[in-house]
Amino acid sequence: MAPSASQAPKPKKSSKPLLAVMPFEARQVGADEAQILAEAIASELASTGEVRLMERSQMDKILSEQGFQQSGTCNGAECAVEVGQILGIDRMVVGSVGH
């Protein structure tokens, strides 16, 4: 007798936190430099194997579908909380970069 759907093992939820690295605010540096730094940090965090990283394209899609409008950066605590709730993430990296 084959197991029914209710008897099938449920997939385990990953114990690794889901992390999003938001675009950094550029202060006295170019927007490209801020983006490169954010991508480098995301890459380093992902390479540790300690977190699951939400792709930028996935974040943009979810935020767009939910009608969330932002100017590209999210530095304030209120904004970070709102974005985190919309994305369903466990951790978020936000900030600014300058000289």
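Higher on the page you've got the structure.
All figures in this text were calculated on a predicted structure; none of them were measured in a lab.

Caption draft 1: Representation of the nonpolar core in the model. Among the nonpolar cores identified, the biggest contains 12 residues, and these are Leu18, Ala20, Met22, Met54, Met59, Ile62, Leu63, Phe68, Cys79, Val83, Leu87 and Ile89. Elements supplying a minimum of two residues to this core: β1 (18–21), α2 (56–65) and α3 (77–87). When near neighbours in sequence (up to four residues on either side) are disregarded, Ile62 contacts Met54, Ile86 and Leu87. Ranked by size, the runner-up nonpolar core spans nine residues in total, among them Val21, Phe24, Ala42 and Val51.

Caption draft 2: Quick look at unusual backbone geometry. Even without being glycine, Gln28 reaches a positive phi, approximately 65°. Topologically, Gln28 is positioned in the loop between β2 (25–27) and α1 (31–47). On the accessibility criterion, Gln28 (68% relative accessible area) is exposed.

Caption draft 3: View of α3. Those residues of α3 lying buried are Cys79, Ala80, Val83, Gly84 and Leu87. Down the axis, α3 shows its buried residues gathered within 130° of arc, on one side only. Opposite its buried face, α3 presents the exposed residues Ala77, Glu78 and Gln85, each directed more than 90 degrees away. Where α3 is buried, its residues contact β1, α2 and β4 (91–93). In the stretch just after α3, Gly88 is the one whose phi turns positive, near 70°.

Caption draft 4: Spatial organisation of the environment of Ala77. Here Ala77 shows up in helix α3. A residue is classified by how much of its surface remains accessible, and Ala77, at 60% relative accessible area, is exposed. Spatially, the C-alpha atoms of Ala77 and Val94 are 9.3 Å apart, while their sequence positions differ by 17 residues.

Caption draft 5: Up close: the environment of Leu45. Structurally, the position occupied by Leu45 is in helix α1. The residues contacting Leu45, other than those within four sequence positions of it, are Leu19, Val21, Val51 and Val93.

Caption draft 6: Representation of the sheet that holds β1. If you walk across this open sheet you meet the three strands as β3-β1-β4, and the pairing is parallel. In the strand order of this sheet, the two ends are held by β3 (52–53) and β4, each with one partner. When β1 meets β4, the two strands line up parallel, connected through three bridges. Within β4, the position partnered with Ala20 by the bridge is Met92.

Caption draft 7: Representation of the packing of α2 against α3 within the structure. It is at 10 Å that the axes of α2 and α3 come closest, and there the two elements cross at 95°. It follows that α2 is roughly perpendicular to α3 by the angle criterion. Side by side, α2 and α3 meet where Met59, Ile62 and Leu63 of the first sit next to Val83, Ile86 and Leu87 of the second. Of the residues that constitute the contact of α2 with α3, the class distribution is six nonpolar, no polar and no charged.

Conventions we followed
Residues numbered from 1 in each chain as written. Predicted model: local features only at pLDDT ≥ 70, side-chain atom pairs only at ≥ 80, totals over all residues. Heavy atoms only, no water. Core = buried A, V, L, I, M, F, W, Y, C linked by side-chain atoms within 4.5 Å. Buried < 20%, exposed > 50% of the residue type's maximum accessible area, 1.4 Å probe, protein only. Helix = DSSP H or I, 4+ residues; strand = E, 2+ residues; numbered from the N terminus. Contact = heavy atoms within 4.5 Å. Arc of directions from axis to C-beta. Pairing = 2+ DSSP bridges. Axes fitted to C-alpha atoms, helices over the stretch in contact; angles between N-to-C directions. Parallel < 35°, antiparallel > 145°, perpendicular 65-115°, else oblique. Nonpolar A, V, L, I, M, F, W, Y, C, P; charged D, E, K, R; others polar.

Such coordinate-based values are descriptive only and should not be taken to indicate function.
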